[in-house]
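Descriptive analysis of the structure
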Amino acid sequence: MVELIIFTGVTGGGKTLAMQCFEESGYQVTDNIPVAVADEYFNIIEKEPNKYKKVALTVSLFNAKETFELALKHKSFETKFVGITCSEAVLNERFRLTRKLHPRQVEGLSLDQCIKEDLAEIRKLRDYFGFFIDTTKLSKNEFRNVIFDTCLENRHKFTVSFYSFGYKISVPQDIETVFDVRLLPNPYWVPELKNKNGFDKEVIDYVLSAPETKEYLKNIIKYLDFYLEELKKNDRNHASIGIACSGGQHRSVVIANYLCEYYSKKYVTNVSHKDLPRKPEEK
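As the structure is a computational prediction, the values presented were derived from the model and not from experiment. Residue numbers here run from 1 along each chain, matching the order of that chain's written sequence. This being a predicted model, a pLDDT of at least 70 is required before a residue's local features are given, and a value of 80 or more before pairs of side-chain atoms are given or counted; all residues contribute to the totals for chains, interfaces and linings. Hydrogens and waters are ignored; side-chain quantities use all the structure's heavy atoms.

1. Quick notes on the environment of Gln 28
With respect to the helices and strands, Gln 28 occurs in strand 2 (residues 28–30). For Gln 28, a relative accessible area of 33% corresponds to the partly exposed category. Distance in space between the C-alpha atoms of Gln 28 and Thr 135 is 24 Å, their sequence separation being 107 residues. Here a polar contact means two N or O atoms within 3.5 Å. Within protein one must be a hydrogen donor candidate and the other an acceptor candidate, and residues neighboring in sequence count only if both atoms are side-chain atoms. Polar contacts involving the side chain of Gln 28 include one to the main-chain carbonyl oxygen of Lys 51, which spans 2.7 Å. For the purposes of this entry, the term helix denotes a DSSP run of H or I that reaches at least four residues, the term strand denotes a run of E that reaches at least two, and both are numbered from the N terminus. Think of it in three bands: with a 1.4 Å probe and only protein chains considered, a residue is buried below 20% of the maximum accessible area for its type, exposed above 50%, and partly exposed in between.

2. Section: the state of the cysteines
Disulfides are covalent bonds that connect the sulfur atoms of two cysteines. Our working definition of a disulfide is a cysteine sulfur pair at a distance within 2.5 Å. Applying the stated rule across the entire model yields 0 disulfides. Just so you know, Cys 86 is unpaired, no disulfide at all, and the nearest cysteine sulfur is the one on Cys 114, 15 Å from it. The thiol of Cys 260 is unpaired, and the distance to the nearest cysteine sulfur, on Cys 245, comes to 17 Å. Of the residues examined, Cys 260 reaches a relative accessible area of 11% and is grouped as buried.

3. A few points about the sheet that holds strand 2
A strand pair is defined by DSSP finding two or more bridges across the two strands. The 5 strands are arranged 2-3-1-4-5 in an open sheet whose pairing can be described as parallel. Looking at the sheet topology across the chains shown, the edges are occupied by strand 2 and strand 5 (131–134). For this sheet the average axis-to-axis angle between neighbouring strands, irrespective of direction, equals 20°. Direction of pairing for strand 1 (residues 2–9) relative to strand 4 (residues 77–85): parallel, over a ladder of 8 bridges. Note on strand 4: the bridge partner recorded for Val 2 is Phe 77. Two residues form a contact once any of their heavy atoms are found within 4.5 Å. In this description, a line fitted to the C-alpha atoms serves as the axis of each element, helices being fitted only across the stretch in contact, and the angle between N-to-C directions of two axes falls anywhere from 0 to 180 degrees. Where helix 6 (residues 140–150) meets the sheet, it contacts strand 1, strand 4 and strand 5, and its direction lies at approximately 170° from that of strand 5.

Next up, the structure:
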């Protein structure tokens, strides 16, 4: 059985870094394969499965659907499709900082047009992806960890990714289920807690000690116990769970960390705090 990973995503989203992770894990990597030669390439792989045991390739967003469907015709492949996206604002900032052109700018499009078209195209492909990763708020190290935890070293284990975020800031594109924790007591309105965050013990104690939190967690866990096992029964190997509050600083961080720790006893888990400012050395 050949392990085939096909990546696509918005330009600037992080495909290059993802492919480096696969190279480090012993995959034969091909970048930006043309759809015109994709089927011939798959035939070669199928004829020599001992030589091509682990293969990863990237394809253009605009050729992805056809390439995906060609790959699915090859029943001897264990095929996974991975999509990488990012917010429009962050993509603009990345291009500004690197001073690189978007490949389609040579066709006469503006950078804004290129980015908008990329984002529109990846939304059309959403149902194809086994993994859909939003790199908007991920540092390079965090992104690498997500790749390794979901697609690589733990690819045969069920992985649960928890994301905290604030509704008034952004809603991540790569989450499947969201729990709204705004009904819990808000440390923001406690003067001595306002400028702290969900990693501070005082905030953790304040949130977790509330009767509302205890009841809410009991019900979240009851649902997730059912939901995650159903995903496994349906041959899914990854779940993305969002925990949302108003600003993404206090309640959502506490609850996401709590659930990550709770489910780490049963699954591979990781947690990312999309709207919590990073320390300078983590940027």
